[in-house]
Amino acid sequence: RNKKIKNLLCAAPGYKLLQLDYSQAELRVLAMLSRDPWLIQTYKDGKDLHAAVAEEMFGPDFTKEQRTMAKTINFGIAYGRGASSISEAFGKSRAESQEIINKWFKSMPKVKEFIDAQRRKPLKGEPCVTLLGRERHFVITDEEMNHIQNEYINTPIQSVASDMTMLSLCSIHQNLIDHGVDAKIVSTVHDSIILEVVDDKRVIDKVAQLCLDTMANTPKRFIPECPVPFKADAEVGYSYGAMEEWIPDEVDNS
């Protein structure tokens, strides 16, 4: 996260870096796996999830701190973040923190059902298998049970988010060849894809839109029944530490 370090990573002369980043990929996968109506509809409506959750939990006049709290729970609850962690992060009592978590689940009962079902699987000796068939194995002991239960929750989420990025990567590579543009993939970081594109606004616009469309469509290609829209954001810059939001002009796809 240190920009001094990130700024050491620069595009070659005459080129720019273009970063494509899935927006809340893991939370969208959670919505898909849990089939929670409220969470799915929030994404379909294109709402700010953190604000929507804060409003459900604290009412329409929620504060900035409450939105931050909602965001923390959104990203942490599927990874075993419990009342103790929330208490430490926000200076709340354990009882208050548990009540906050209960409010979170109240809006999304299917998410709670999914999490509870995943936590039961290792207790019953059921395998940890992802939607695309990846299987993860554990040595299950009483001492490690809570950790393993958390892994049973987040492995199907993280794995599918990673798979969507890698499948998009392959499609983008082929699309760049098919379109004959002066651009190439140079790296991936979590659910981001980084390209080097010739420093020409028209080419950058074309490549960015092509990549964003590919990333949005990949989940629908490989998971036809996917009920959740996926989207990605784009940033451009001469160095990795000085990326700015990509603002499209009219894109010519010819």
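Look up a bit, the structure's there.
Anyway, here's the lowdown on the structure attached to this text. (Residues numbered from 1 in each chain as written. Predicted model: local features only at pLDDT ≥ 70, side-chain atom pairs only at ≥ 80, totals over all residues. Heavy atoms only, no water.)

1. Considerations on unusual backbone geometry
Note on backbone geometry: most residues besides glycine have negative phi, and most peptide bonds are trans. Notably, Arg35 is not glycine yet its phi reads approximately 55°, a positive angle. Positive phi is not limited to glycine here, since His190 has a value of about 55°. With respect to the helices, strands and loops of the structure, His190 is situated in the loop between β4 (183-189) and β5 (192-198). (Helix = DSSP H or I, 4+ residues; strand = E, 2+ residues; numbered from the N terminus.)

2. What about the pairing of β4?
Two faces make up the sheet, and in a regular strand the side chains alternate between them. Relative to β5, β4 runs antiparallel, the two being bridged by 6 bridges. Counted as the bridge partner of Ala183 is Val197 from β5. Hairpin connection, β4 to β5: the antiparallel pair is bridged by 2 residues, and His190 has positive phi, about 55°. (Pairing = 2+ DSSP bridges.)

3. With respect to the sheet that holds strand β7 (residues 244-245)
Judged by pairing direction, the sheet is antiparallel, and its 5 strands sit side by side in the order β4-β5-β1-β6-β7 without closing on themselves. Strand pairing shows two members of the sheet lacking a second neighbour, β4 and β7, which therefore form its edges. Of the strands in this sheet, β1 (15-22), β4 and β5 touch helix α9 (residues 145-179), which is tilted by about 170° from β4. (Contact = heavy atoms within 4.5 Å. Axes fitted to C-alpha atoms, helices over the stretch in contact; angles between N-to-C directions.)

4. Digging into the pattern of salt bridges
It is possible for side chains bearing opposite charge to pair when their charged atoms get close. Summed over all chains, the structure comprises 8 salt bridges. Between Glu126 and Lys124 there is a salt bridge, with the nearest N and O atoms lying 3.2 Å from each other. When its relative accessible area of 56% is taken as the criterion, Lys124 is described as exposed. (Salt bridge = Lys/Arg side-chain N within 4 Å of Asp/Glu carboxyl O. Buried < 20%, exposed > 50% of the residue type's maximum accessible area, 1.4 Å probe, protein only.)

5. Some details on the nonpolar core
Formed by 60 residues in total, the largest nonpolar core has its most connected members in Leu18, Trp104, Leu195 and Val207. With 8 residues, the top contributor of residues to this core is α9. If sequence neighbours within four positions are ignored, Trp104 has contacts with Val53, Met57, Ala70, Ile73, Asn74, Ile77 and Val111. Counting 5 residues, the second-largest nonpolar core is a separate cluster that includes Ala11, Ile194, Tyr240 and Met243. (Core = buried A, V, L, I, M, F, W, Y, C linked by side-chain atoms within 4.5 Å.)

6. Structural notes on the packing of aromatic side chains
Overall, the coordinates contain 3 aromatic pairs when judged by the stated rule. Above the ring of Tyr240, the side-chain terminus of Lys6 is found at 4.6 Å from the ring centroid. (Phe/Tyr/Trp six-rings, centres within 6.5 Å; stacked < 30°, edge-to-face > 60°. Lys NZ or Arg CZ within 6 Å of the ring centre and 35° of its normal.)

7. Section: the environment of Ser87
Tracing the sequence through the fold places Ser87 in helix α6 (residues 83-90). Sequence-wise, Ser87 and Ser97 are 10 residues apart; in three dimensions their C-alpha atoms are separated by 5.6 Å. Excluding residues within four positions of it along the chain, Ser87 makes contact with Lys92, Ser93, Arg94 and Ser97. A distance of 2.3 Å separates a polar atom in the side chain of Ser87 from the backbone oxygen of Lys92. (Polar contact = N/O pair within 3.5 Å; in protein donor to acceptor, adjacent residues only side chain to side chain.)

8. Digging into the packing of helix α2 (residues 25-34) against helix α3 (residues 37-44)
Direction vectors running N to C along α2 and α3 enclose 130°, while the axes themselves pass 8 Å from each other. Here α3 runs oblique to α2, going by the angle between their axes. Crossing of α2 over α3 shows left-handed handedness. Where α2 approaches α3, its residues Leu27, Arg28, Leu30 and Ala31 are matched on the opposing element by Leu39, Ile40 and Tyr43. (Parallel < 35°, antiparallel > 145°, perpendicular 65-115°, else oblique. Left-handed = near helix turned anticlockwise from the far one by under 90°.)

9. What to know about the pairing of β5
Taken across its 7 residues, β5 has 7 buried, putting it largely inside the fold. Covered by surrounding structure in β5 are Ser192, Ile194, Glu196 and Val198 together with Ile193, Leu195 and Val197, the residues of both alternating faces. Here β1 runs beside β5; their pairing, made up of 7 bridges, is antiparallel. Across the sheet, the residue bridging to Asp21 is Ser192, located in β5.

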